[in-house]
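# Residue-level structural notes
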Amino acid sequence: MELIVLFGTFTVLLLIGTPVAFCLGVSSFATIAYIGLPPVVVFQRLNSGISVFALLAIPFFIYAGELMVRGDIARRLVALAGAAVGHLRGGLGQVNIAASVLFGGISGSAAADASAIGGLMIPQMEERGYGKDYAVNVTVTSSIIALMLPPSHNLIIYSISAGGRLSIADLFTAGIIPGLLLAFALMVAAWAVAKKRGYPTEPFPGARAMLGLLLSAVPGLILVAIIFGGVRSGIFTASESSCIAVIYALAVTWFVYRSLPWGEFVAATLSAVRTSSMVLLVIGSAAAFGWLLAYLRVPADLVSWMKGLSDNPILIMLLLNVVLLFLGTFMDMSPLIVITTPIFLPVATAYGVDPVQFGIILILNLGIGLCTPPVGAVLFVGCAVGRIRIGEVIRTIWPFYLASLAVLMLVTYIPALSLWLPAVFR
């Protein structure tokens with residue numbers, strides 16, 4: 001009955017349009033009241049959920065990404081990507097994906113990637129004769145590459161949700177090969193659709209122009225090396241690297257590029273504060289919700305049920321992926337990481353899946369959910385930027401879904417894709 005109160009209240013609130021953070025908090029409060037525990041437990045768990053030092057990395061990485069977006073970094077990365085892959089079939093679509101790889105290593109946010117890259121690329125693609133649906137499809141699906149690459153703050157949330165015992169450096173490293181594999185799969189899908197529709201290629205600008213664009217983008221690309229190299233080598237922690245990222249972003253945009261006027265600086269600061277506040281409130285509310293699940297023995301019961309269902313790890317991991325994909329279509333990513341990690345991580349590890357590998361599976365899976373209706377946050381951003389209805393996009397996005405799902409299956413059943421690189425660096 002307690003679980004009926006918990007999930008029933010949550011579902012009703014979600015269906016009537018209540019923000020996710022309040023759905024989690026109110027349903028937790030209602031369940032606590034039904035059980036008879038002191039209501040203050042909810043606020044204690046909420047406070048403890050966000051009183052984690054490692055979470056400081058999230059607002060600072062968000063802030064660094066905002067500064068980079070408004071400080072002309074994204075435009076330079078798009079130009080570099082255009083010179084590198086624009087000559088392939090569906091040139092600007094390939095540029096869009098390559099730019100997401102470069103920018104994803106700076107922002108770590110799918111929504112920021114879709115907004116920044118989409119704002120630059122979608123109008124250009126329309127002007128060159130690309131279908132608006134194709135432009136949005138490429139932008140939306142390629143933005144989830146940012147979730148896999150350092151400094152993905154979702155990997156930080158996963159590490160904390162797993163009890164804080166997983167190395168953030170290992171998670172950052174583990175996401176690199178799957179992220180690049182996802183980029184390759186999406187480029188193949190973009191090429192196939194572009195060939196079918198007869199979309200053009202872009203001329204190669206020449207080696208001299210390519211070198212100039214590379215030099216122009218180097219200050220922004222150095223940030224990736226600072227974040228990844230510093231955390232991986234142990235010179236500083238993820239929280240410290242996020243602060244360094246902000247300082248470096250300010251230095252580059254103010255003194256090197258001179259492209260961040262005061263108004264844009266204020267706008268970037270306010271936007272980072274709003275985004276960080278929403279993310280941390282969701283994490284805190286989800287921590288209370290997750291504690292209740294543990295109190296009601298949901299993870300332990302689920303492990304027992306699945307072990308009785310099958311001993312085949314292939315079937316169990318397939319079932320977990322289906323459940324996560326379904327959940328990802330209804331909830332945003334951050335609360336799902338906090339809620340599902342304590343539930344599904346014990347199941348995965350019981351069947352021999354490494355916690356680092358499961359983290360990459362979880363992030364990629366929920367990232368695909370960000371691109372699917374009815375609550376696909378990144379899908380909404382892409383459609384808003386492209387000024388197109390969601391229904392028009394969904395009708396033609398399936399080749400990119402298939403590419404993403406193929407990579408998800410590879411990451412699920414080939415552990416080396418996630419675990420080989422961390423072992424090499426370790």
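Above this note sits the structure.
The shown structure was predicted, so the numbers you read here are calculated from the model rather than taken from an experiment. (Residues numbered from 1 in each chain as written. Predicted model: local features only at pLDDT ≥ 70, side-chain atom pairs only at ≥ 80, totals over all residues. Heavy atoms only, no water.)

Now for the packing of helix α9 (residues 153-161) against helix α17 (residues 333-350). A pair of packed helices can be characterised by two numbers: the angle between their axes and the separation between those axes. At a closest axis distance of 9 Å, the pairing of α9 and α17 adopts a crossing angle of 35 degrees. When you trace α9 past α17, the crossing you get is right-handed. Across the interface between the two elements, Asn-154, Ile-157, Tyr-158 and Ser-161 of α9 pack against Met-333, Ser-334, Ile-337, Val-338, Thr-341, Pro-342 and Leu-345 of α17. For the contact of α9 with α17, the residue count by class is seven nonpolar, four polar and no charged. (Axes fitted to C-alpha atoms, helices over the stretch in contact; angles between N-to-C directions. Helix = DSSP H or I, 4+ residues; strand = E, 2+ residues; numbered from the N terminus. Left-handed = near helix turned anticlockwise from the far one by under 90°. Contact = heavy atoms within 4.5 Å. Nonpolar A, V, L, I, M, F, W, Y, C, P; charged D, E, K, R; others polar.)

Glancing now at the pattern of salt bridges. What the rule picks out here adds up to three salt bridges. The salt bridge partner of Glu-126 is Lys-132, with a shortest N-O separation of 3.8 Å. Its relative accessible area of 34% is what places Glu-126 among the partly exposed residues. Its relative accessible area of 29% is what places Lys-132 among the partly exposed residues. Across the salt bridge formed by Asp-133 and Arg-197, the nearest N and O atoms sit 3.1 Å from each other. One end of the pair, Asp-133, is in helix α8 (residues 132-143); the other, Arg-197, is in helix α11 (residues 176-197), with 64 residues separating them in the sequence. Classification of Asp-133 by relative accessible area gives buried; the value is 14%. By relative accessible area, which is 34% here, Arg-197 ends up partly exposed. (Salt bridge = Lys/Arg side-chain N within 4 Å of Asp/Glu carboxyl O. Buried < 20%, exposed > 50% of the residue type's maximum accessible area, 1.4 Å probe, protein only.)

Let us look at helix α16 (residues 313-328). For α16, built from 16 residues, the straight-helix expectation of 22 Å at 1.5 Å per residue is met to within 8% by its first-to-last C-alpha distance of 22 Å. Here α16 has its buried residues at Ile-316, Met-317, Leu-320, Asn-321, Leu-324 and Gly-328. Seen along its axis, α16 keeps its buried residues to an arc of 135 degrees; they face one direction. Where α16 begins, the side chain of Asn-312 points an oxygen toward the backbone nitrogen of Ile-314, at a separation of 2.9 Å. (Expected span 1.5 Å × (residues − 1). Arc of directions from axis to C-beta. Polar contact = N/O pair within 3.5 Å; in protein donor to acceptor, adjacent residues only side chain to side chain.)

As a further point, take unusual backbone geometry. The residue Arg-258 is not glycine, and still its phi comes out positive at about 50 degrees. Under the relative-accessibility criterion, Arg-258 is labelled exposed at 67%. Non-glycine residue Arg-387 carries a positive phi angle of around 55 degrees. Note on Arg-387: relative accessible area 74%, which makes it exposed.

With that settled, the discussion passes to the nonpolar core. Ranked by size, the top nonpolar core spans 136 residues in total, and within it Leu-67, Tyr-134, Phe-358 and Phe-400 carry the most contacts. Residues within four places of Phe-400 in sequence aside, it is in contact with Tyr-134, Asn-137, Val-138, Thr-141, Leu-186, Ala-189, Ala-190 and Val-193. (Core = buried A, V, L, I, M, F, W, Y, C linked by side-chain atoms within 4.5 Å.)

Mapped onto the elements of the fold, Thr-139 is located in helix α8. A residue is classified by how much of its surface remains accessible, and Thr-139, at 1% relative accessible area, is buried. Side-chain polar atoms of Thr-139 contact the backbone oxygen of Ala-135, separated by 2.8 Å. Other than its neighbours up to four places away in sequence, Thr-139 contacts Asn-96, Ala-114, Gly-118 and Ile-122.

Attention now moves to helix α12 (residues 207-233). Compared with the 39 Å implied by 1.5 Å per residue over 27 residues, the 34 Å span of α12 between its first and last C-alpha is markedly short. When we look at burial in α12, the residues that qualify are Ala-217, Pro-219, Gly-220, Leu-223, Ile-227, Phe-228, Gly-230, Val-231 and Arg-232.

Axis separation between helix α4 (residues 57-70) and helix α14 (residues 262-295) bottoms out at 9 Å; the angle between their running directions is 145 degrees. Classified by chirality, the crossing of α14 by α4 is right-handed. Contacts from Ile-58, Pro-59, Ile-62, Tyr-63, Glu-66, Leu-67 and Arg-70 in α4 reach Glu-264, Phe-265, Ala-267, Ala-268, Thr-269, Ser-271, Ala-272, Thr-275, Ser-276, Val-279 and Ile-283 in α14. Of the residues belonging to the contact of α4 with α14, the class tally is 11 nonpolar, four polar and three charged.

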